[in-house]
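Observations on the model geometry
Listed below are the residues making up each chain.
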Amino acid sequence: MRFVDLIEKKKKGFEHTKEEIDFIVSSVTKDTVPDYQISAWLMAVYFQGMTEAETAYFTDAIIKSGEVIDLSSIGSSIADKHSTGGVGDKITIILIPLLASCGIPVAKLSGRGLGHTGGTIDKLESIPGFKTDLKISQLIQKVKKNGLAIASQTKKLTPADGKLYALRDVTATVDSMPLIASSVVSKKIASGADFVVLDVKYGSGAFIKTEKDAETLSSLMTGIASKLGRKFNAVISSMAQPLGRMVGNSLEIEESIDFLKGTSTPDIKELTYEIAALTLIHFKKAKDRNEAFNIIDESIQSGKALKSLKKLIKSQGGNPDVINDFKLFKQPLYSFEIKAEQDGFVNNIDAYKIAYACKLLGAGREKKTDSIDYSAGIKLNKIYAEYAKKGETIATLFSDSEEKLSLAEPIVKNAFEFSDETPAERKIVYKVI
Ligand code: URA
């Protein structure tokens, strides 16, 4: 088989056979094909797409390109969750301890920031001492002991995705349905969990922009997972505006701790409860949504969920005292408050603009090798539907550089839209599949 013939075939919109897909993935994994040919094939897929059968073969071949984690020694079913990427998305950090406190073991492999979106691993590493580079045996041992663990993705898992993803990032081929679906589903299946909830995001701060595309992607991912013998659920949620008030690594950990102490914004609550309820029902801990919501309330109010987070931090080498003293996080050198220029209700905060400004402040990487400033970020003092009087602070920027503050300021200002009327109630969860 010649790679160039397969590029030609996809360019003309034909469907690959299983043998051809296996050849493509094995050439990528073994490095027997140059990056320019893989890139040309990715672009052909971007324009021509793949059928569901092709995408399932492709996903399976990516899974088989590396190790598949066997979590069976934990002795019970394991839950997992994956977000397609957002802004201020700290749901994993809240959800994992919450589920563990309800008796559902969670073994989670997470990633770092990608493009404009933040990553759970970077956020957790803002906790002084917290280690995420666990061996699989350590991950399993921690889940057995504490009921939860979160580790960074190992290179041994889905190596073909690692290579393809890096190429997609620099060839403008990230936002392709079959490529996203195969990338996400392969990683989740290789991670070994029995039940996975996918949080599929759409809107300005997500890779997918519309509800309709998010729905198509969700059906594709749950369909492929089912073809490969796994049950995945998908929650389609809006990423038009950042989630919660905090965007930035340690700031998001602080907001997660506050949530588990009982303080929350409506958007974080809606999404967390929805994903947690689906999982509780699947694991037969609750018979319906109502019962699940009561269990979640109880876990938060009794302090069980917070205790679970403390266990997670302690078991991975972090300083658990951050829970009661946010000053133990690295503190930024400078801050700047943006004031409202008129009276009005916040009608929209553009998620992409906030993410972009956050990266400028130092919270994300421009290049893979860049280090990040854990304390950099943005606090949204006013969020959707809140009223701001002229002169009141609507956002606070944090950075170690005054120059970065002045670069980010106009972008954040521009992200806010105001109205005279109270904005309509906003639903975050659009659909569950
Ligand atoms: N997240 C992934 O893991 N892969 C993608 O392609 C997009 C989001």
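Before going into details, it helps to say that this report is about the structure given with it. Residues take numbers from 1 onward in each chain, read along the sequence in its written order. Reporting of local features is limited, given that this is a predicted model, to residues whose pLDDT is at least 70; pairs of side-chain atoms are given and counted only at 80 or more, and all residues count toward the totals for whole chains, interfaces and linings. Water and hydrogen atoms play no part in the side-chain values, which are based on all heavy atoms of the structure.

1. Here's the deal with the pattern of salt bridges
Salt bridges are identified by distance alone: a Lys or Arg side-chain nitrogen within 4 Å of an Asp or Glu carboxyl oxygen. Applying the stated criterion across every chain yields a total of 28 salt bridges. Put simply, glutamate 298 and lysine 304 hold a salt bridge, and the shortest N to O gap is 3.1 Å. In this structure, a network of salt bridges that share partners links the residues Glu8, Lys11 and Lys12.

2. Concerning the site of the ligand
Here a residue is near a molecule or strand as soon as one of its heavy atoms is found within 4 Å of it. Lining the immediate environment of the ligand, one finds His82, Thr84, Tyr165, Arg168, Ile180, Ser183, Val184 and Lys187. Polar contacts, as counted here, are pairs of nitrogen or oxygen atoms within 3.5 Å of one another; within protein the pair requires one atom able to donate a hydrogen and one able to accept it, and residues that are adjacent in sequence qualify only if both atoms are side-chain atoms. One of the side-chain N or O atoms of arginine 168 is found 2.9 Å from an oxygen atom in the ligand. Residue lysine 187 places a side-chain N or O atom 2.7 Å away from an oxygen atom belonging to the ligand. Surface accessibility in these figures is a Shrake-Rupley result with a 1.4 Å probe; residues are shielded only by whichever protein chains are displayed. Considering the ligand on its own, with 240 Å² of exposed area, one finds that the protein chains cover 94% of that surface. In this description a helix means any DSSP run of H or I spanning at least four residues, a strand means any run of E spanning at least two, and both kinds are numbered starting from the N terminus. Broken down by element, the residue count for the shell around the ligand peaks at four residues, all from helix α9 (residues 177-190). Polar here means any residue outside two lists: the nonpolar Ala, Val, Leu, Ile, Met, Phe, Trp, Tyr, Cys and Pro, and the charged Asp, Glu, Lys and Arg; Gly therefore counts as polar. Residue classes in the shell around the ligand are distributed as three nonpolar, three polar and two charged.

3. Thoughts on the layout of surface pockets
Here the term cavity refers to a set of points on a 1 Å grid, laid over the protein atoms alone, in which a 1.4 Å probe fits but cannot get out; the term pocket refers to an open set having protein on both sides within 12 Å along at least five of seven lines, with lining residues being those that place an atom within 4 Å of a point. Grid points are joined across faces, edges and corners, and a volume is the space filled by probe spheres set on the points. Volume-wise, the second largest pocket comes out at about 310 Å³. If you go around the second largest pocket, you meet 20 residues; those closest to its centre are Pro266, Asp267, Tyr384, Arg426 and Ile428. Per-element tally for the lining of the second largest pocket: the top contributor is helix α12 (residues 266-282), with three residues. Considered class by class, the residues forming the lining of the second largest pocket number ten nonpolar, three polar and seven charged. When residues of the lining of the second largest pocket are assigned to domains, at least three map to each of domain 2 (79-155 + 190-323) and domain 3 (331-419). Either an automatic procedure or a domain database provided the assignment from which the domain bounds are taken.

4. Considerations on empty space enclosed by the protein
Counted under the stated rule, the structure contains one cavity of 30 Å³ or more. By volume, the largest cavity amounts to about 40 Å³. If you trace the largest cavity, you find it lined by Phe58, Ile62, Asp161, Leu164, Tyr165, Arg168, Leu179, Ser182 and Ser183. Considering every element that reaches the lining of the largest cavity, the biggest residue donor is helix α8 (residues 159-170), with four residues. A class-by-class count of the residues in the lining of the largest cavity yields five nonpolar, two polar and two charged.

5. A short note on the packing of aromatic side chains
Each pair of aromatic rings taken from Phe, Tyr and Trp, with Trp reduced to its six-membered ring, is defined by centres within 6.5 Å and is described as stacked if the planes are under 30 degrees apart, edge-to-face if over 60, and tilted in the remaining cases. Counted by the stated rule, this structure contains ten aromatic pairs. Here the aromatic rings of phenylalanine 3 and phenylalanine 23 are separated by 6.4 Å at their centres, their planes lie at 40°, and the arrangement is tilted. Residue phenylalanine 3 is located in helix α1 (residues 3-11), and its partner phenylalanine 23 is located in helix α2 (residues 18-29); the two are separated by 20 residues in the primary sequence. Exposure is judged per residue with a 1.4 Å probe applied to protein chains only, and the accessible area is read against the type maximum: over 50% gives exposed, under 20% gives buried, and values in between give partly exposed. Judged by its relative accessible area of 26%, phenylalanine 23 falls in the partly exposed class.

6. Brief notes about the pairing of strand β9 (residues 377-380)
Pairs of strands are assigned from DSSP output, requiring at least two bridges between the strands. Relative to β9, strand β6 (residues 246-247) runs antiparallel, the two sharing two bridges. For methionine 246, the partnering residue across the bridge sits in β9 and is lysine 379. One ladder, built from four bridges, connects β9 with strand β11 (residues 393-399); its direction is antiparallel. Note that in β11 the partner of glycine 377 across the bridge is phenylalanine 398.

7. Thoughts on the nonpolar core
Grouping buried Ala, Val, Leu, Ile, Met, Phe, Trp, Tyr and Cys residues that are joined through side-chain atoms within 4.5 Å yields what is termed a nonpolar core. In terms of nonpolar packing, the biggest core is built from 78 residues, with Ile354, Ile378 and Val412 touching the most fellow members. Residues from two domains meet in this core; each of domain 2 (79-155 + 190-323) and domain 3 (331-419) gives at least three. We call two residues in contact whenever any of their non-hydrogen atoms come within 4.5 Å of each other. The residues contacting isoleucine 354, other than those within four sequence positions of it, are Val87, Pro242, Val247, Ile349, Ile378, Leu380, Val412 and Ala415. By size, the runner-up hydrophobic cluster in this structure holds 37 residues, among which are Ala56, Ala149, Ala181 and Ile189.

8. Details of the sheet that holds strand β8 (residues 344-349)
Overall, antiparallel pairing links the three strands, which are arranged β10-β8-β12 in an open sheet. In this open sheet, the two edge strands, each paired with only one partner strand, are β10 (387-388) and β12 (416-419). Relative to β12, β8 runs antiparallel, the two being bridged by four bridges. Note that in β12 the partner of valine 346 across the bridge is phenylalanine 418.

9. Section: the sheet that holds β11
Across the sheet, which stays open at both edges, the four strands sit in the order β6-β9-β11-β7 with antiparallel pairing between neighbours. Taken across any chain shown, the strands that pair with only one partner, and hence form the sheet edges, are β6 and β7 (334-339). Note: β7 against β11, six bridges, orientation antiparallel. Within β11, the position partnered with isoleucine 338 by the bridge is alanine 395.

10. Things to note about the packing of helix α4 (residues 52-64) against α9
Running from amino to carboxyl end, α4 crosses α9 at an angle of 40°, the nearest separation of the two axes being 9 Å. As the angle between them shows, α4 and α9 are arranged oblique. Seen along the crossing, α4 lies across α9 with a hand that is right-handed. Residues Thr55, Phe58, Thr59, Ile62 and Ile63 of α4 form the contact with α9, whose participating residues are Pro178, Leu179, Ala181, Ser182, Val185, Ser186, Ile189 and Ala190. In terms of residue class, the contact of α4 with α9 is built from nine nonpolar, four polar and no charged. Axis definition: a line fit to C-alpha positions, over the contact stretch in the case of helices; interaxial angles, taken between N-to-C directions, run 0 to 180 degrees. By the definition adopted for this analysis, an angle is roughly parallel if under 35 degrees, roughly antiparallel if over 145, roughly perpendicular if from 65 to 115, and oblique otherwise. Rotating anticlockwise by less than a right angle from the far helix to the near helix defines a left-handed crossing, while the corresponding clockwise rotation defines a right-handed one.

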